[in-house]
Amino acid sequence: MTEAGAGGLTGRTAVVTGGAGGIGEATARMLARRGARVVIGDIDPRAEDVAERIADDGGCAAFVRTDVTSEESVTALMRSAAESGTLDILVANAGVPETKAPLQDLDMEHWQRVLNINLTGAALCMKQALRLMDPQKPGAVVAVSSILGLVGQAGSAPYSASKAGLANLVRSAALGYAATGIRINAVAPGYVQTPLLDGLAESVRSQMLARQPMGRLGTPEEVAAVICFLASDAASLVTGAVWSVDGGYTAQ
Ligand SMILES: NC(=O)c1ccc[n+]([C@@H]2O[C@H](COP(=O)([O-])OP(=O)(O)OC[C@H]3O[C@@H](n4cnc5c(N)ncnc54)[C@H](O)[C@@H]3O)[C@@H](O)[C@H]2O)c1
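Okay, so let's go over this structure. Residue positions are counted from 1 within each chain, in the order its sequence is given. The predicted origin of the model limits local features to residues at a pLDDT of at least 70 and limits the giving and counting of side-chain atom pairs to 80 or more, whereas totals for whole chains, interfaces and linings rest on all residues. As a rule here, side-chain values come from all non-hydrogen atoms in the structure, and water together with hydrogens is ignored.

### Some remarks on the sheet that holds strand β4 (residues 89-92)
Working step 1: The rule for pairing is simple: two strands pair if DSSP sees at least two bridges between them. Strands are runs of DSSP state E lasting at least 2 residues, helices are runs of H or I lasting at least 4, and numbering of each runs from the N terminus. Strand order in the open sheet made by the seven strands is β3-β2-β1-β4-β5-β6-β7, with parallel pairing throughout. Two strands bound the open sheet, and with one partner strand each, they are β3 (60-65) and β7 (242-245). Recorded for the sheet is a direction-independent mean angle of 20° between the axes of neighbouring strands.
Working step 2: Examined bridge by bridge, β4 and strand β5 (residues 139-144) share four bridges and lie parallel to one another. Following the sheet pairing, Val 91 is matched in β5 by Val 142.
Working step 3: Contacts between residues were defined by any pair of non-hydrogen atoms, one from each residue, lying within 4.5 Å. Axes, fitted as lines to C-alpha atoms, cover a helix only where it is in contact. Angles between the N-to-C directions of the axes lie from 0 to 180 degrees. Contacting β4, β5, β6 (182-189) and β7, helix α8 (residues 220-231) runs over the sheet at an angle of about 165° to β6.

Right under this line is the structure:
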């Protein structure tokens, strides 16, 4: 079943990176329900099950195993998605979480890995996707930044730096394409209940909850809804925005 209306995406092809679970899976499912043909790129082969479940529900989805840190792999993903026409939507969502540590103990391998996946990986995906998007047609890129790309948090330097870099990458890219049909935006989710948070200690989770104005974590679907809006023609005047989806966290 597909959903029609202003946010309808029938006939569009969308790539979602990091769609094996969490926000990426919810986004892939929602894009497909709105009529898009979805290609999921993830390093985790479980994304193939997500594509199968979307197809079982009547949507159109495929999986291409992808490492967003490899330009060769990203190029293959985008080419495969554009095989049957143009590429219309990219959701650059793949990411790895923070591992809290004081800056003086910064593990430079960890720093490089977080920057490679969260920032360089998203840039590679944008570069290769933009080459295949038709500048004369409506196209949309939505990157998944974070509240930690907008505000700091003690001990989260690599993650924060990667997500802040992503937010400004989006702003600059949006200006470069503003005169075309292609809009480029980011969402900045607050804490969302996904596998990314599963490993957290109960004490850390309680601290997180204590700082939530709404007194709860977000759901992947609440973030996916904003991503799908930004990807659709309903957001035709929105470009270069970093849209908080955080229950008021960054309003504090
Ligand atoms: N969960 C939160 O609270 C939260 C908050 C703000 C931002 N985010 C961001 O949302 C995005 C999705 O995270 P999530 O919470 O759904 O967690 P998640 O772990 O379910 O999703 C991340 C996905 O990225 C994939 N991935 C990791 N490295 C990859 C690589 N090199 N190549 C391809 N795919 C790779 C993983 O396999 C996984 O499927 C991330 O960018 C994350 O930083 C999450």
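### Things to note about the packing of helix α3 (residues 71-81) against helix α4 (residues 108-132)
Working step 1: In contact at an axis separation of 9 Å, α3 and α4 are set at 35° when each is read in the N-to-C sense. Handedness of the α3/α4 crossing: right-handed. Two secondary-structure elements touch here, α3 through Glu 71, Val 74, Thr 75, Met 78 and Arg 79 and α4 through Leu 124, Cys 125, Lys 127, Gln 128, Ala 129 and Leu 132.
Working step 2: Of the residues belonging to the contact of α3 with α4, the class tally is six nonpolar, two polar and three charged. The hand of a helix crossing depends on one turn: near helix anticlockwise from the far one by less than a right angle means left-handed, and clockwise means right-handed. Gly is placed with the polar residues, together with every amino acid not listed as nonpolar (Ala, Val, Leu, Ile, Met, Phe, Trp, Tyr, Cys and Pro) or charged (Asp, Glu, Lys and Arg).

### A few points about the layout of surface pockets
Working step 1: For the largest pocket, the calculated volume is near 1200 Å³.
Working step 2: Within this scheme a cavity is a closed region of a 1 Å grid, computed over the protein atoms alone, that accommodates a 1.4 Å probe without allowing it to escape, whereas a pocket is open but has protein on both sides within 12 Å along at least five of seven lines; lining residues each have an atom within 4 Å of a point. Contributing to the lining of the largest pocket are 48 residues, with Gly 95, Val 96, Pro 97, Thr 194 and Leu 196 lying nearest its centre.
Working step 3: For the lining of the largest pocket, the elements supplying multiple residues, two or more each, are α1 (22-33), β2 (37-42), α4, α5 (157-177), α6 (195-198) and α7 (202-210).
Working step 4: The class makeup of the residues in the lining of the largest pocket is 22 nonpolar, 17 polar and nine charged.
Working step 5: Gly 218, Glu 222, Val 245, Asp 246 and Gly 247 are, among the 14 residues lining the second largest pocket, the residues nearest its centre. Grid points are joined across faces, edges and corners, and a volume is the space filled by probe spheres set on the points.

### Overview of the site of the ligand
Working step 1: Residues are labelled near a given molecule or strand when at least one of their non-hydrogen atoms is within 4 Å of it. Among the 28 residues in the neighbourhood of the ligand, the closest are listed as Asp 42, Asn 93, Tyr 159, Val 192 and Thr 194.
Working step 2: Two N or O atoms count as a polar contact when they lie within 3.5 Å, although within protein this holds only if one can serve as hydrogen donor and the other as acceptor, and sequence-adjacent residues are included solely when both atoms are side-chain atoms. Within the side chain of Thr 194, one N or O atom sits 2.5 Å away from an oxygen atom of the ligand.
Working step 3: Calculation of accessible area relied on Shrake-Rupley with a 1.4 Å probe; when residues are assessed, cover is drawn exclusively from the protein chains displayed. Here the ligand loses 92% of its free accessible area of 810 Å² to cover by the protein chains.
Working step 4: Assessed atom by atom at 2 Å from the grid points, the ligand resides in the largest pocket.
Working step 5: Its residues placed into classes, the shell around the ligand shows 14 nonpolar, ten polar and four charged. Cavities and pockets are treated as containing a molecule whenever more than half of the molecule's atoms lie within 2 Å of their grid points.

### A few points about the pattern of salt bridges
Working step 1: Salt bridge, as used here, is a side-chain nitrogen of Lys or Arg placed within 4 Å of a carboxyl oxygen of Asp or Glu. Under the defined criterion, the tally for this structure stands at seven salt bridges.
Working step 2: Among the ionic pairs, Arg 12 bridges to Asp 233, the shortest N-O distance being 2.7 Å. Highlighted residues: Arg 12 in the segment before β1 (13-17) and Asp 233 in the loop between α8 and β7, separated in sequence by 221 residues.
Working step 3: Several salt bridges converge on common partners, so that one network encompasses Glu 25, Arg 29, Arg 53 and Asp 57.

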